[in-house]
Amino acid sequence: MSLNGKYALGILLTFVFLAALMLYVFPFIYFITGVKEFNATNFFYTRIALWAVLGLIFLYSLFVEKNTFLLWKDKKYSTLFYIKAVITLYLICAFGGSFLNLIVQLLTREGMSSKLVQFSSIFKNNYLLIIFICLTAGVVEELLMRGYIQPRLEKIYSSPYVGIIGSAMLFGILHSTYGTVGQVVVPFFIGTVFALFYKKYSNIKILIICHFMYDFVSMMMMNFVDIKHLSAF
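In this report, we go over the structure that sits alongside the text.

Parameters and conventions
- Residues numbered from 1 in each chain as written.
- Predicted model: local features only at pLDDT ≥ 70, side-chain atom pairs only at ≥ 80, totals over all residues.
- Heavy atoms only, no water.
- Core = buried A, V, L, I, M, F, W, Y, C linked by side-chain atoms within 4.5 Å.
- Buried < 20%, exposed > 50% of the residue type's maximum accessible area, 1.4 Å probe, protein only.
- Helix = DSSP H or I, 4+ residues; strand = E, 2+ residues; numbered from the N terminus.
- Contact = heavy atoms within 4.5 Å.
- Axes fitted to C-alpha atoms, helices over the stretch in contact; angles between N-to-C directions.
- Left-handed = near helix turned anticlockwise from the far one by under 90°.
- Nonpolar A, V, L, I, M, F, W, Y, C, P; charged D, E, K, R; others polar.
- Phe/Tyr/Trp six-rings, centres within 6.5 Å; stacked < 30°, edge-to-face > 60°.

Turning our attention to the nonpolar core. Grouped together as the largest cluster of nonpolar side chains are 59 residues, with contacts concentrated most on F43, L89, F123, L144, M145 and F194. If you list the elements that add at least two residues to this core, you get α1 (3–33), α2 (40–63), α3 (79–108), α4 (114–123), α5 (127–157), α6 (160–174), α7 (182–201) and α8 (204–221). Tallying contributions element by element places α5 first for this core, with 12 residues. With sequence-adjacent residues up to four places away left out, F194 is seen in contact with L89, C93, E142, R146, L207, C210 and H211.

Here's what the structure looks like:
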C-alpha cells in the first residue's frame, strides 16, 4: 500500500472509531461496568475511551505509516503571540458560533440538544470532571482532527483547501449525534477557523488551549445559567 493509501486508511479508521464511540460508547460502558446508569463515573469512562482512540491512531502512524503523528512540526512563537492568538480565536469562535446558532434556531426553530441537557445534569458543580472533559476535548479532538487528519488530507489531494474543509466537515459530522442542526453547523464553523489557523501558523498547542478554554467557559456557565441558552462543542 502506498503512503497516501495508508494515510487514507488512517483517516477512515479515525472517523470510524470516533463515530462508533459517539454512537455506542454508553451501551458498551454499561456492559463493561454492569452499571446501567448515566452518571459521572460512566461519563468519565467515555472520555478515557477517547484517549484510547488517540493512542490507537498514534500507534498506527508509528508502525503502519512509519511516520510522525504530526506531519507539520509545531512552530515556536512568543508568549505574547500565544495570548493574542488564543484570545482572538476564542472571540471568533464564541461570537461567530453564537451568531450561527441563532440563525439556525430562527430558521429551524429547533430546541437545545436533548443530549446536552442530559449531560449538563452530571456536570453541575463537578469541577474536576469539567476540567477533565475539557482537557480531553482540547487534546484529543485537536490532535486527531487538525494534527492528524488535516495534513494527511492535504497530502492525499495536494490541496490545502481539501485539508481545511475536509477536516472541518468531519468535525461537524461527528457532532451530529447530538441531534440538532446547530450542533453540526457551529462545530463545522469552529473546525474551519481552527484549520485555517493551523495551516497558517502550524501550532497545535494554541488550538488545544483555545479549545479547552472555549469548552471550559461554556461548561462553567452551565452551572449558573439555563443550558437552553448555551451552545458548546
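From this point, the narrative continues.
Look at α6 against α7: their axes get within 7 Å of each other, and the N-to-C directions meet at 145 degrees. Here the hand of the crossing between α6 and α7 comes out right-handed. Taken together, the residues of α7 that come into contact with α6 (itself represented by P160, I164, I165, S167, A168, M169, F171 and G172) are Q183, V184, P187, F188, G191, T192, A195, L196 and K199. In terms of residue class, the contact of α6 with α7 is made up of 11 nonpolar, five polar and one charged.

Attention shifts here to the packing of aromatic side chains. Tallied over the entire structure, the rule returns 16 aromatic pairs. Aromatic pair F58 and F69: ring centres 6.2 Å apart, planes at 40 degrees, arrangement tilted. Placement of the pair is F58 in helix α2 and F69 in the loop between α2 and α3, with a sequence separation of 11 residues. Here F212 and F216 contribute two aromatic rings whose centre-to-centre distance is 5.7 Å and whose plane-to-plane angle is 10 degrees, an arrangement assigned as stacked. Taken as a pair, F212 and F216 lie in helix α8 at a separation of four residues, close to a single helical turn. Classification of F212 as partly exposed rests on a relative accessible area of 25%. Three or more aromatic residues joined by ring pairs form one cluster here, namely F26, Y30, F38, F43 and F123.

None of the figures reported here should be taken as evidence of function without further support.
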